[in-house]
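Overview (structure and organization)
Okay, here's what each chain looks like letter by letter:
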Amino acid sequence: MRKVKLEQTLLETLYQASLTNTKKSFVQKRANQYLDRIVIQHHINALLKELAPLVENDKGMRRLTRLEGGKLDKKQNNLNVDKKIPPLVINLRLPNLRVNTAFSESISLESETDAKVSFFQTKSIDEFEGINFDADKLTFFGTTDQIGDYKFDLYGSTPLANGQVQGVVVRVKVTFVPDPRSLWKNIPSDDTARFHKPDTYHAYCENSSMLLMGSSVRGRSHAHKGIHRDDDFKLYCDDSSEWVISCVADGAGSCKYSRQGAFVAVNSATNSLKESLNGHYGTELERAYNDFSNENSEENQKSLLEAYQHTIVKAVFSAAKAIHSSVDANQGDSVKDFSTTLILAAHKKVEEGYLVITFWIGDGGIVIYDKNKKVVLMGEPDSGEFAGQTQFLDNKIFEDGSVYRRVKMDKVESMSALILATDGITDAWFETEKQLESLLHWDKLWNELEPHITNKNRESGLQGLTQWMDFWSKGNHDDRTISVCLVKE
């Protein structure tokens, strides 16, 4: 009945059009030429043959309806595909995608077909929780927690040059991989072990003009194995002294008691420097530096080196001596077991700006940072022949006098902060030694540090800094320690 009714409607419409249309359309030309309903009937039959599949049931026409946003009707079929033509099969592979991370990946079919592919069946994607497919933009997007290898078959069609329609099967393979962070274990270190110390440590101190904040966290590589944090730091400031002191150390990971070496080194160096700077030699150091800056004479240089000897060099020697004192021959210890780097700094506010003195052995970094203006690298890192190699604190630097070459003193007109960090921080933020001197790179780091350092709630700021230390950096999973001395004004 529906076919008969459709035929009658088409016939009447075309015949009336041939009589009334004033423009010479194709239908009118044909009607005027033959003036016979039989000719029109011939065209109606051709149309009915093409439309026959659509009038077989009530839902026929709706099967070709596309939904908004590129989403397809799950009931849709492509009824125009010529089943005699083998389908075009396209195999694709998406890059590995991380679970629980939003993604958007587009595919291209241009290498397989120049014509547009119209998709009419994407059931395998539609039924996969969290993943969507935009058929118009040929884009997969979404988020999933499903780990593993998956294959999705998308069915569609594409027109051929001869007017026929070819079926298309796009087979898409993808691997959803776990978030690397989820693979790391966090095993507490043995609290009964010799020289045990907490896996995380943070502290701050301040006076009227300076705020010092430091944090040290065990690296993922150590946490994964349940071994101790090798890094350490020490801060000093109070209102009775014009000098403030920061010290960080990175114990050698290959040495079994390096954690203790770092601990005794930062404490001994800081205590020794505090004592000397608050006495006669603190005043003498400042005088000798000013004299040498004004006149680079041999006598002034000798006075400055002597001031170094009684202050910062003495502090470094105290750290080395403390390491030797930790050695217990009865336990089978050696000095090498306690190997550590050391970065020590002290500074004070003076009339011309800020006076800074530093010592640096090993990797890591220390800079005078002036936000958006200038950065002064106070030395250079010791890099070995192989990755992870560096130089550690030992008696050799006192025997050959090279300890003095590792001391640097400078006066700057302005500064935002003095920053000391072990290589767990610097390796992640500065890919090359040249970048350690880049203001742009330090500005980026400071943008992340500043909200925590300047937090008026000191405890909250300290917690925020420690949480920040857990940032993700591919391939950088060592202990991380940082000390920041903020100039309040």
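In this text, all values refer to a predicted model and were calculated from it rather than measured experimentally.

Criteria and thresholds
Residues numbered from 1 in each chain as written. Predicted model: local features only at pLDDT ≥ 70, side-chain atom pairs only at ≥ 80, totals over all residues. Heavy atoms only, no water. Helix = DSSP H or I, 4+ residues; strand = E, 2+ residues; numbered from the N terminus. Buried < 20%, exposed > 50% of the residue type's maximum accessible area, 1.4 Å probe, protein only. Contact = heavy atoms within 4.5 Å. Pairing = 2+ DSSP bridges. Axes fitted to C-alpha atoms, helices over the stretch in contact; angles between N-to-C directions. Core = buried A, V, L, I, M, F, W, Y, C linked by side-chain atoms within 4.5 Å. Phe/Tyr/Trp six-rings, centres within 6.5 Å; stacked < 30°, edge-to-face > 60°. Lys NZ or Arg CZ within 6 Å of the ring centre and 35° of its normal. Expected span 1.5 Å × (residues − 1). Arc of directions from axis to C-beta. Nonpolar A, V, L, I, M, F, W, Y, C, P; charged D, E, K, R; others polar. Polar contact = N/O pair within 3.5 Å; in protein donor to acceptor, adjacent residues only side chain to side chain. Parallel < 35°, antiparallel > 145°, perpendicular 65-115°, else oblique. Left-handed = near helix turned anticlockwise from the far one by under 90°. Salt bridge = Lys/Arg side-chain N within 4 Å of Asp/Glu carboxyl O.

Brief notes about the overall build of the chain
A count of helices and strands for the chain gives 14 helices and 19 strands. Of all 489 residues assigned to the chain, the portion counted as buried reaches 46%. In the chain, 69% of the contacts between residues at least 6 apart in sequence involve partners at least 24 apart.

Some details on the environment of Val316
Position of Val316 relative to the elements: it lies in helix H10 (residues 312–326). Put simply, Val316 and Leu344 are 28 residues apart on the chain and 8.2 Å apart in space, counted from C-alpha to C-alpha. Among residues more than four places away in sequence, those in contact with Val316 are Leu342, Leu344, Phe359, Leu393, Ile397 and Phe398.

Here we look at the sheet that holds strand S15 (residues 365–370)
The antiparallel open sheet is built from six strands, whose spatial order is S9-S10-S19-S18-S15-S16. Edge positions in the sheet fall to strand S9 (200–206) and strand S16 (374–377), since each has one partner strand and no second. Within this sheet the neighbouring strands show an average axis-to-axis angle of 15°, counted without direction. Strand direction decides the pairing type here: S15 and strand S18 (residues 417–421), joined by five bridges, are antiparallel. Across the sheet, residue Gly365 finds its bridge partner in S18, namely Ala421. Relative to strand S10 (residues 210–217), helix H14 (residues 458–468) is tilted by about 40°, and along the sheet it contacts S9, S10 and strand S19 (480–487).

Remarks on the nonpolar core
Membership of the largest hydrophobic core comes to 51 residues, with the highest contact counts inside it found for Leu418, Ile419, Trp442, Trp446, Leu449, Trp468 and Ile482. If sequence neighbours within four positions are ignored, Leu418 has contacts with Ala345, His347, Val356, Ile366, Val367, Ile368, Ser483, Val484 and Cys485. If you look at the next biggest cluster of nonpolar residues, it comprises 41 residues, including Cys247, Tyr257, Ala322 and Leu355.

Thoughts on the packing of aromatic side chains
According to the stated counting rule, one finds 17 aromatic pairs in the structure shown. Seen in terms of ring centroids, Phe119 and Phe133 are 5.5 Å apart; in terms of plane orientation they differ by 90°. Their pairing is edge-to-face. Taken together, the residues span a long stretch of sequence, with Phe119 in strand S4 (residues 118–121) and Phe133 in strand S5 (residues 131–134) at a distance of 14 residues. In this pair, the class of Phe119 matches that of Phe133, namely buried. Three or more aromatic residues joined by ring pairs make a cluster, and in this case those are Phe103, Phe128, Tyr150, Phe152 and Phe176. The ring of Tyr257 has Arg194 lying over it, and the distance from NZ or CZ to the ring centre is 4.8 Å. A cation sits over an aromatic face here: Arg480 above Phe471, 3.8 Å from the ring centre.

Comments concerning H14
Taken residue by residue, H14 has Arg458, Gly461, Leu462, Gly464, Leu465, Thr466 and Trp468 as its buried positions. Where H14 is buried, its residues touch S9, S10, helix H12 (423–429), helix H13 (439–453) and S19.

Examining helix H9 (residues 298–310)
For the α-helix, the turn length of 3.6 residues means that residues three or four positions removed from each other point alike. For H9, which comprises 13 residues, the first-to-last C-alpha distance of 19 Å matches the rise-based estimate of 18 Å (1.5 Å per residue) to within 8%. Listed as buried for H9 are Asn300, Leu304, Ala307 and Tyr308. Mapping the buried residues of H9 onto a view down its axis gives an arc of 105°, with all of them on the same face. In H9, the exposed positions that point more than 90 degrees away from the buried face belong to Glu298, Glu299 and Lys302.

Describing the packing of H13 against H14
One way to put it is that H13 packs onto H14 with a least axis distance of 7 Å and a crossing angle of 145°. For the pair H13 and H14, contact is made by Leu445, Glu448, Leu449, His452 and Ile453 and by Arg458, Gly461, Gly464, Leu465 and Trp468, respectively. Tallied by class, residues from the contact of H13 with H14 come to five nonpolar, three polar and two charged.

Topic: unusual backbone geometry
Positive phi is not limited to glycine here, since Phe195 has a value of about 60°. The backbone of Asn372 shows a phi angle near 60°, a positive value even though the residue is not glycine.

Brief notes about the side chain of Thr311
Mapping Thr311 onto the fold places it in the loop between H9 and H10. Judged by its relative accessible area of 0%, Thr311 falls in the buried class. Here the side chain of Thr311 touches Ala307 through a polar contact of 2.6 Å, landing on its backbone oxygen. The contacts of Thr311, once residues within four sequence positions are left out, are Leu273, Ser276, Leu277, Tyr281 and Leu285.

Focus: the packing of helix H8 (residues 280–294) against H9
Across the interface, H8 lies against H9 with an axial gap of 9 Å and an inter-helix angle of 150°. What the angle tells us is that H8 and H9 run roughly antiparallel. Between H8 and H9 the crossing geometry is left-handed. Note on element contacts: H9 touches H8 through Asn300, Gln301, Ser303, Leu304, Ala307, Tyr308 and His310, opposite Tyr281, Glu284, Leu285, Arg287, Ala288, Tyr289, Asp291 and Phe292.

Comments concerning the pattern of salt bridges
Counting across every chain of the model gives 16 salt bridges. With a closest N to O distance of 3.9 Å, Lys123 and Glu127 form a salt bridge. Looking at Lys123, the relative accessible area reads 48%, which means it is partly exposed. Looking at Glu127, the relative accessible area reads 58%, which means it is exposed. In this structure, Lys488 and Glu206 form a salt bridge, with 2.7 Å as the shortest nitrogen-oxygen distance. Here Glu206 lies in strand S9 and Lys488 lies in the segment after S19, a separation of 282 residues in the sequence. Residue Lys488 is classed as partly exposed on the basis of its relative accessible area, which comes to 34%.

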